[in-house]
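# A look at the structure
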Amino acid sequence: MEIPLWFEITSMVVLTVILIADLLLIKLRPHIPSTKESTLWVVFYVALALLFAVLLGNVGGWKNAGDFITGWALEYSLSIDNLFVFVLIMAQFAVPRRLQQQVLMIGIIIALVLRGAFILVGVAIVENFSPIFYIFGAFLIWTAIRQAMPDGDHDGEVQRENFVVRLLRRRIDISDHYDGSKMRTTVDGKRMFTPMVIVLITIGVTDLIFAIDSIPAIFEITTNGFLVFAANIFALMGLRQLYFLLGDLLDRLRYLHYGIAVILGFIGIKLILHALHVNELPFINGGQHVEWVPDIDNMVSLGVIIASMTIATVASLIASGREKRAEKKAAITE
């Protein structure tokens, strides 16, 4: 079944209204969200995604609903990795905790705009140049290898951010202190930008880098532009609340990058298998489709995503618990 145009338009309007309301709520009531508040918001956005899938299944077919759920789970898993870098950015620029909600929300809007542009370009390329799946697959496998290297990926993001910061400070006058959430302030009678502008630009650059990693991955699940964009919206909408919910727990998820590496590697291999299925390159199988290559169902992909994240999280918490017990034991011995 095709997804009705009215459903696509209505969905985008409703999601836009929710995002605007969320942004206004932060603007009108800036505060540090409690664990309970963050939990309720995360549950709300997850429930909203599941409700969307049910509505989509009824009006646009359950195949599309299944593709959305798998794509959403994939993007949500990859988005969690963003949180580690967000923590580094907040610490690096000493962003006051009461301002972090606004920074994250603006960062999410920047991410949606950038990903929307990537999706439009990606859909056009996929529809007109099927060999791109070979490139996407190889890129994701390389990203998985990089992700599996301890802290290598996050160190790389920080290095890029430092470069951006140095470039900005050479070009514009930036004050040393924040002035609430303002972008501009006055210091000794001189108009200057506040560090907030550096933080937002840095998050924007980070979002761009993550979009380059994540968008090719979801095209293995579906090439429907609406489903790809919807999955990204739902994955990013609850990211701000998840940041505050996890808090210090992020430091304990030491093995999470291995789980993400497994997901990216699996999707990369699946993309290459798909590329072989639709092969048009003359030097591979004489330009014909490779029919014997296995076709992995999206439900299998969903299982791999859930299993990888669950195992990585549980293993991280077990290791962290053992380390804490060892530290207590050593303290008692001393």
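The structure displayed is predicted, hence computed values, not measured ones.

Thresholds applied
- Residues numbered from 1 in each chain as written.
- Predicted model: local features only at pLDDT ≥ 70, side-chain atom pairs only at ≥ 80, totals over all residues.
- Heavy atoms only, no water.
- pLDDT = per-residue confidence, 0-100.
- Helix = DSSP H or I, 4+ residues; strand = E, 2+ residues; numbered from the N terminus.
- Expected span 1.5 Å × (residues − 1).
- Buried < 20%, exposed > 50% of the residue type's maximum accessible area, 1.4 Å probe, protein only.
- Contact = heavy atoms within 4.5 Å.
- Core = buried A, V, L, I, M, F, W, Y, C linked by side-chain atoms within 4.5 Å.

As a further point, take the confidence of the model for the chain. Mean pLDDT over the chain works out to 80, with 92% of the residues at or above the 70 mark. By mean pLDDT, the top-scoring element of the chain is helix 2 (residues 35-60) (89), and the lowest-scoring one is helix 6 (residues 152-171) (58).

Between the first and last C-alpha of helix 2 there are 37 Å, a value that for 26 residues agrees with the 38 Å anticipated at 1.5 Å per step. For helix 2, the set of buried residues is Glu-37, Ser-38, Val-42, Tyr-45, Leu-48, Ala-49, Phe-52, Ala-53, Leu-56, Gly-57 and Gly-60. Looking at the buried residues of helix 2, the elements they touch are helix 1 (5-28), helix 3 (62-92), helix 8 (225-237) and helix 9 (239-246).

If you look at the biggest cluster of nonpolar residues, it comprises 91 residues, and the most contacted ones within it are Phe-68, Trp-72, Leu-74, Phe-234 and Met-237. When residues in this core are grouped by element, the largest group, 14 residues, is from helix 3.

This part covers helix 9. Along an α-helix, residues three or four positions apart point the same way, because every turn accommodates 3.6 residues. Along helix 9, 7 of the 8 residues are buried, which leaves the element largely enclosed by surrounding structure. All buried positions along helix 9 are accounted for by Leu-239, Arg-240, Gln-241, Leu-242, Tyr-243, Phe-244 and Leu-246.

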